[in-house]
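Tertiary structure, described
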Amino acid sequence: MSFEQERSAAIEAVQKACQLCQTVQAELVTEETVAKKDKSPVTIADFGAQAIVNQHLLNVFPNDPIVAEEDAHILREPDAALMKERIIHHVHTFWPGASEEQILISIDRGNYEGGPQGRHWTLDPIDGTKGFIRGDQYAIALGLIENGEVVLGALGCPNLPLQADKPDGAKGCILIAVKGQGAFIRSLEDDSETPIHVSEIADVSQASFCESVESGHTSHSRSSQIAEALGVTAPPYRIDSQCKYAAVARGDASIYLRLPTSPTYQEKIWDHAAGSIVVKEAGGKVTDIHGAPLNFARGKTFEPNTGIVATCGSFHSQVIDAVKRSYEQ
């Protein structure tokens, strides 16, 4: 299948969500909210983005279920009235006239459990909440899964420079990939697309690591140990959210490690569906830390998988071996 209609719908949905999030961040994220670690702006953007994306998909593909991170139960509580009012205000920019109940129902359309049969979308309306709160990097991540396989991914990165070599240039981009069709990048403002490809570095010692800013999401100390074992000397490129997948896909970094910080933690499919297919279609490779493919057929989590390793592909097995040795010591 060409997935032409799905591709177009995913881009439009993510584009709207990016614009909503940019508006919320510009209006509500202030020095005071950052100092207080106030999460209300990201909550407003989170729910607003999910309502917009879910409704757009409903309009185009009314029979497609969605696995999404949020549900609207807390917005139905009496003390959520102000929060709900702000969410409705921002949603109305893209969905004029929608009632409160319509918006809440749209958010709750993301309650599908996933699984191995048929097709469904998976959405993380804001991946990288702390990055959003800091006014830094975050992503809107939308993937399409068919019979347990990711076949399409749209990764919106509202604060990421469109060109890696021009960090002070235009910001805001969408990375889009369809199985077998390659990966592309486009700005939030126009329809022109540019193919992207992972780094062509063949010597792992020349690679650069990309990892989470937050140490609670991955083991920084183990990453350092693995980098040393591989002879990597470049400092780690730390960035929030699935923008790490974007960095690997377009060659800003060569290796992305998400190493478990808890033996019981299970990765969620919405955190990796869009990013993983973008990297793979850009020529890279994505597995768990044991080298096994990510299993999107088990529901909301990768129950059989542990951690994530994404690379430009040429030395993936070397990285996996180094990761395994770090756990044997």
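Here, every reference points to the structure presented above.
First things first, this report covers the structure right here in the doc.

Rules used in this analysis
Residues numbered from 1 in each chain as written. Predicted model: local features only at pLDDT ≥ 70, side-chain atom pairs only at ≥ 80, totals over all residues. Heavy atoms only, no water. Helix = DSSP H or I, 4+ residues; strand = E, 2+ residues; numbered from the N terminus. Buried < 20%, exposed > 50% of the residue type's maximum accessible area, 1.4 Å probe, protein only. Contact = heavy atoms within 4.5 Å. Areas by Shrake-Rupley, 256 points an atom, 1.4 Å probe, with all protein chains shown as cover. Lys, Arg positive; Asp, Glu negative; His and termini not counted. Charge placed at Lys NZ, Arg CZ, Asp CG, Glu CD. Salt bridge = Lys/Arg side-chain N within 4 Å of Asp/Glu carboxyl O. Pairing = 2+ DSSP bridges. Axes fitted to C-alpha atoms, helices over the stretch in contact; angles between N-to-C directions. Parallel < 35°, antiparallel > 145°, perpendicular 65-115°, else oblique. Nonpolar A, V, L, I, M, F, W, Y, C, P; charged D, E, K, R; others polar.

Here the focus is the overall build of the protein chain. When helices and strands are counted, the protein chain shows 10 helices and 12 strands. For the protein chain, the spread of C-alpha atoms along the three principal axes comes to 55 × 50 × 40 Å. In the protein chain, which comprises 329 residues, the proportion classed as buried is 56%. By sequence separation, contacts in the protein chain at least 24 residues apart represent 70% of the contacts at least 6 residues apart. For the protein chain, the accessible surface area stands at approximately 13900 Å², while carbon and sulfur atoms represent 48% of it. Once the 28 positive and 44 negative side-chain charges of the protein chain are each reduced to a mean point, those two points are 3 Å apart.

Further remarks concern the pattern of salt bridges. Taken as a whole and judged by the stated rule, the model has 18 salt bridges. Among the salt bridges present, the one from Glu6 reaches Arg119, with a minimum N-O distance of 2.8 Å. One end of the pair, Glu6, is in helix α1 (residues 4-28); the other, Arg119, is in strand β2 (residues 119-127), and 113 residues separate them in sequence. The exposure class assigned to Glu6 is buried, which follows from its relative accessible area of 7%. Sharing partners across several salt bridges, the network here consists of Glu6, Asp64, Arg119 and Glu146.

The subject of this paragraph is the pairing of strand β12 (residues 308-311). Judged by which residues are buried, β12 turns out to be covered on both faces: Ile308 and Ala310 on one side and Val309 and Thr311 on the other are all buried. Bridge count for strand β10 (residues 255-258) against β12 is four bridges, and the pairing is antiparallel. Its bridge partner lying in β12, Tyr256 is registered against Ala310. The pairing of strand β11 (residues 285-287) with β12 spans three bridges and is antiparallel. Note on β12: the bridge partner recorded for Thr287 is Val309.

Before going further, it helps to examine the sheet that holds strand β8 (residues 209-211). If you trace the five strands from one edge of the open sheet to the other, you get β9-β8-β10-β12-β11, paired in mixed fashion. Unpaired on one side and paired on the other, β9 (237-238) and β11 mark the two borders of the sheet. Sheet topology note: the β8/β9 ladder contains two bridges and is parallel. Bridge pairing in β9 places Cys210 opposite Tyr237. Strands β8, β9 and β10 of the sheet are contacted by helix α7 (residues 220-230), whose axis makes an angle of about 170° with β8. Packing against the sheet, helix α10 (residues 316-328) makes contact with β10, β11 and β12, and its axis sits at approximately 150° to β12.

Where helix α3 (residues 40-60) contacts helix α5 (residues 100-108), the axes come no closer than 8 Å and their chain directions differ by 80°. Between α3 and α5, the angle is such that the two are roughly perpendicular. Across from Phe47, Gln50, Ala51, Asn54 and Gln55 in α3, the residues of α5 making contact are Ile103, Ser106 and Ile107. Considering only residue class, the contact of α3 with α5 consists of four nonpolar, four polar and no charged.

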